[in-house]
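Working through the structure, step by step
What follows is each chain in one-letter form.
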Amino acid sequence: MTSASKPRPSILYPSQTIERAERAMRCTPLQLKLLVTMVNQSVSLIAIAGQAGLHNQYTHKPLSEMAAENELLWLIQVGLLRREVDGQGLTDSFRLTPLGRQLVQKWQESQDPACSRPTFRDRFYNALDRWLRLPI
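Reference entry: report on the structure contained in this document.

Here is what the cut-offs are and how they apply
- Residues numbered from 1 in each chain as written.
- Predicted model: local features only at pLDDT ≥ 70, side-chain atom pairs only at ≥ 80, totals over all residues.
- Heavy atoms only, no water.
- Helix = DSSP H or I, 4+ residues; strand = E, 2+ residues; numbered from the N terminus.
- Buried < 20%, exposed > 50% of the residue type's maximum accessible area, 1.4 Å probe, protein only.
- Areas by Shrake-Rupley, 256 points an atom, 1.4 Å probe, with all protein chains shown as cover.
- Pairing = 2+ DSSP bridges.
- Contact = heavy atoms within 4.5 Å.
- Axes fitted to C-alpha atoms, helices over the stretch in contact; angles between N-to-C directions.
- Polar contact = N/O pair within 3.5 Å; in protein donor to acceptor, adjacent residues only side chain to side chain.
- Arc of directions from axis to C-beta.
- Salt bridge = Lys/Arg side-chain N within 4 Å of Asp/Glu carboxyl O.
- Core = buried A, V, L, I, M, F, W, Y, C linked by side-chain atoms within 4.5 Å.

1. Here we look at the overall build of the protein chain
Of the regular secondary structure elements, the protein chain holds 7 helices and 3 strands. In the protein chain, the order of α-helices and β-strands from amino to carboxyl end is α-α-β-α-α-α-β-β-α-α. Considering the protein chain as a whole, with its 136 residues, one finds that 35% of them fall into the buried category. Accessible surface, the protein chain as shown: approximately 8600 Å² in total, 54% of it carbon and sulfur.

So this is what it looks like as structure tokens:
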């Protein structure tokens, strides 16, 4: 087995971290297709905001650039995404973290479409987490 074909060991995260990240994924207006794309490549904010996000099937509805960036920054805070860095510093592109990869894989393997639909409780706790910005 070559080093390229070896499965990556999973990082173990606290259950609270995983629950908060899954809840954020369910509540985001971003579609799973965007997160799946981020497994292999970074995606720029321009490809997510406005009509481009709708055209690329990254969003459920057109989002302003500010709204899209706010959603992406929240997903960074819960540990799903990271911002790409180049030789000049931060870019406007985003990519999945190891936690994000684990959850995207889990959701792709799930046959239950209800796992991606947020409940009222999910929306309430996600809004509360975003407002308070409490670390876990």
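2. Focus: the sheet that holds strand E1 (residues 43-44)
As summarised here, the arrangement of the 3 strands in space is E1-E3-E2, forming an open sheet in which the pairing is antiparallel. What marks the edges here is a single partner per strand, and that holds for E1 and strand E2 (81-86). Where E2 lies against strand E3 (residues 89-96), 5 bridges are found, and the strand directions are antiparallel. Pairing of arginine 83 across the sheet is with phenylalanine 94, part of E3. Strands E2 and E3 of the sheet are contacted by helix H5 (residues 65-77), whose axis makes an angle of about 105 degrees with E2.

3. Side note on the side chain of threonine 59
On the secondary structure map, threonine 59 appears in the loop between helix H4 (50-55) and H5. A polar contact is formed between the side chain of threonine 59 and the backbone oxygen of lysine 61, at a distance of 3.0 Å. Leaving out residues up to four positions away in the same chain, threonine 59 has contacts with Pro29, Leu30, Gln31, Ile48, Gly53 and Leu54.

4. Brief notes about helix H2 (residues 32-40)
In an α-helix there are 3.6 residues to a turn, and that puts residues three or four apart on one side. Taken together, the buried positions of H2 are occupied by Leu34, Leu35, Thr37 and Met38. What you see down the axis of H2 is that its buried residues fit within an arc of 155 degrees, all on one side.

5. Details of the pairing of E3
Both E1 and E3 contribute to a ladder of 2 bridges, which runs antiparallel. Each residue of the ladder has a partner; that of valine 43, found in E3, is phenylalanine 94. Where E2 folds back on E3, the antiparallel hairpin that results is connected by 2 residues.

6. Focus on the pattern of salt bridges
In the structure shown here, the tally under the stated rule is 6 salt bridges. Taking the shortest distance from any N to any O, the salt bridge between arginine 23 and aspartate 129 comes out at 2.8 Å. One end of the pair, arginine 23, is in helix H1 (residues 15-27); the other, aspartate 129, is in helix H7 (residues 120-132), with 106 residues separating them in the sequence. Given a relative accessible area of 15%, aspartate 129 falls into the buried group. With a shortest N-O distance of 2.8 Å, arginine 26 and aspartate 122 are connected by a salt bridge. Highlighted residues: arginine 26 in helix H1 and aspartate 122 in helix H7, separated in sequence by 96 residues. A relative accessible area of 18% places arginine 26 in the buried class.

7. Quick word on the nonpolar core
The nonpolar side chains of a soluble globular protein tend to be buried, and buried together. Among the nonpolar cores identified, the biggest contains 27 residues, and Met38, Ile48, Leu72, Leu75, Leu80 and Leu81 are the most heavily contacted of them. Those elements that place two or more of their residues in this core are H1, H2, helix H3 (45-48), H5, E3 and helix H6 (98-109). Setting aside its immediate chain neighbours within four residues, isoleucine 48 contacts Leu30, Leu34, Met38, Val43, Gly53, Tyr58, Thr59, Ala68 and Leu72.

Coordinates in, geometry out; function isn't part of it.
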